[in-house]
Amino acid sequence: MKQEMQEYERIINLSNEIQTQIARLENTDLIKQYLELLHQNQKLLQKKKELYKKIKTEEYSSCDHLWIETITDYNFLKTPFHYCSCVKCGLDQGVVYSINHGKPLSFEQTIMYNFLKKHHIDNPNQINSNIKCDFSLATALYKKIEENHPDIDNITMQKYIQTALDSIRQNENDTQEKENRIKRLTLNPNFNKWHSRDIVHW
Ligand SMILES: [Zn+2]
């Protein structure tokens, strides 16, 4: 016990000494400047987050959504859960699934969730395409088509995406074609989540 008491006192003395040194450093101009910059930066980051939230909320509000049914997860029977996600603005209703299943949301997903909670989505121009597809694949197809047809309307876009998916489905077993597609659409190289049964549309 005596040994522990000595060690305890040694630590207290050392800690006091360090605190004195910290206090001395905090009074130097360089450290004062450093702390002030940290403070300013924190304020800017907070402002940036608030503005980003406003920008995204405005984007979700003004988008004529084109909904794709994305696979959020599989149940124990390997049956997929589908949720609607917009290929145009990225709004993903799957965040509701995540919340209901206790999954943590990223900052981006939290903005989506708060938006969905507050707003009833009833824009008459939106389209539920009934296409079931991995979200990254659908978004990549959308971007590629939009690049070539910037003024395309939702109905035509839906047809183009369906045609592209039909072609993918027909060539599903062609590994070379699959790899080329990944490059063409600049998908993540690890991209392998989708199966032909997942991209069926009615
Ligand atoms: Zn949208």
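Rules behind the numbers
- Residues numbered from 1 in each chain as written.
- Predicted model: local features only at pLDDT ≥ 70, side-chain atom pairs only at ≥ 80, totals over all residues.
- Heavy atoms only, no water.
- Salt bridge = Lys/Arg side-chain N within 4 Å of Asp/Glu carboxyl O.
- Helix = DSSP H or I, 4+ residues; strand = E, 2+ residues; numbered from the N terminus.
- Buried < 20%, exposed > 50% of the residue type's maximum accessible area, 1.4 Å probe, protein only.
- Donors = N, O, S within 2.8 Å, 3.2 Å for Na, K, Ca; no water.
- Tetrahedral: all angles 85-135°; square planar, octahedral: opposite > 155°, others 65-115°.

Another point: the pattern of salt bridges. Considering all chains together, one arrives at four salt bridges under this definition. One salt bridge connects Arg 10 with Glu 7, and the closest N-O pair in it is separated by 3.2 Å. In this pair, Arg 10 and Glu 7 are both assigned in helix 1 (residues 2-26), three residues apart and thus about one turn of the helix distant. Its relative accessible area of 36% is what places Glu 7 among the partly exposed residues. Between Glu 147 and Lys 144 there is a salt bridge, with its nearest N and O atoms 3.9 Å apart.

Another aspect to go through is the coordination of the zinc ion. Only Cys 63 (SG), His 65 (ND1), Cys 86 (SG) and Cys 89 (SG) from the protein reach the zinc ion as donors, at distances of 2.1 to 2.4 Å. Considering all four donor atoms around the zinc ion, angles at the metal cover 103 to 113 degrees and the coordination shape is tetrahedral. One chain supplies every donor for the zinc ion, spaced along it as C-x1-H-x20-C-x2-C. We note that Cys 63, like His 65, is buried.

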